[in-house]
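Reading the structure
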Amino acid sequence: MVSYDRVILYFDGASRNNPRGPAGCGWVLYEMNSHGADSSYIAKGSEYLGRYVSNNQAEYQGLLKGLQYIYNEDIQCDAVHIRGDSQIVIRQLEGLYQVRSSNIRPYYDEVKEMLEKIDCNTHRFLHVPRWKNAIADSLANQAISE
């Protein structure tokens, strides 16, 4: 078990020719410093998702893969700060937007379940500009290209 005060999880998804794919996702995890910024790098990951995956499905899978890493590695933290450049995903998770698509609902539900499973006291969501999410974006696109 590894314990942190606060961690930041950036996530992204990409689908070329949305929604026909190919698609990929990526995530990167950092320790958060006392000023709320990225500090020590912890881990990153990416995955090719195949074809007929929408961009929003890929976004959710990027977040889900990062949360699964936190769970599988038994990472404990006081707070996980989840940051992504998909406004719709962030707003849905904040409860500001409804999840109307039957293609998205299973991903949303799985993310919510994983947030309950991980050993972090709180979680916060933040929509960030694309440039702030560049590493996760690059990982998602690399997963498609490999």
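Quick note: structure is the one above.
Residues numbered from 1 in each chain as written. Predicted model: local features only at pLDDT ≥ 70, side-chain atom pairs only at ≥ 80, totals over all residues. Heavy atoms only, no water.

1. Some words on the nonpolar core
Counting residues in hydrophobic clusters, the biggest one holds 29 residues, and the most contacted among them are L67 and V80. Of all elements in the fold, only strand 1 (2-15), strand 2 (23-32), strand 3 (38-50), helix 1 (55-72), strand 4 (75-84), helix 2 (87-94), helix 3 (105-117) and strand 5 (119-127) reach the threshold of two or more residues within this core. Looking at this core, the element that brings in the most residues is helix 1, giving five residues. Excluding its chain neighbours within four sequence positions, the residues that come into contact with L67 are L9, I82, V111, M114, L115 and I118. (Core = buried A, V, L, I, M, F, W, Y, C linked by side-chain atoms within 4.5 Å. Buried < 20%, exposed > 50% of the residue type's maximum accessible area, 1.4 Å probe, protein only. Helix = DSSP H or I, 4+ residues; strand = E, 2+ residues; numbered from the N terminus. Contact = heavy atoms within 4.5 Å.)

2. Points about a nonpolar patch on the surface
A cluster of nonpolar side chains, contributed by I88, L96 and Y97, occupies part of the molecular surface with about 290 Å² of accessible area. Locating L96 in the fold gives a position in the loop between helix 2 and helix 3. The exposure class of L96 is exposed, given its relative accessible area of 60%. (Patch = residues over 30% accessible without salt bridge, like charges linked within 9 Å, V, L, I, M, F, W, Y side chains within 5 Å. Areas by Shrake-Rupley, 256 points an atom, 1.4 Å probe, with all protein chains shown as cover. Salt bridge = Lys/Arg side-chain N within 4 Å of Asp/Glu carboxyl O.)

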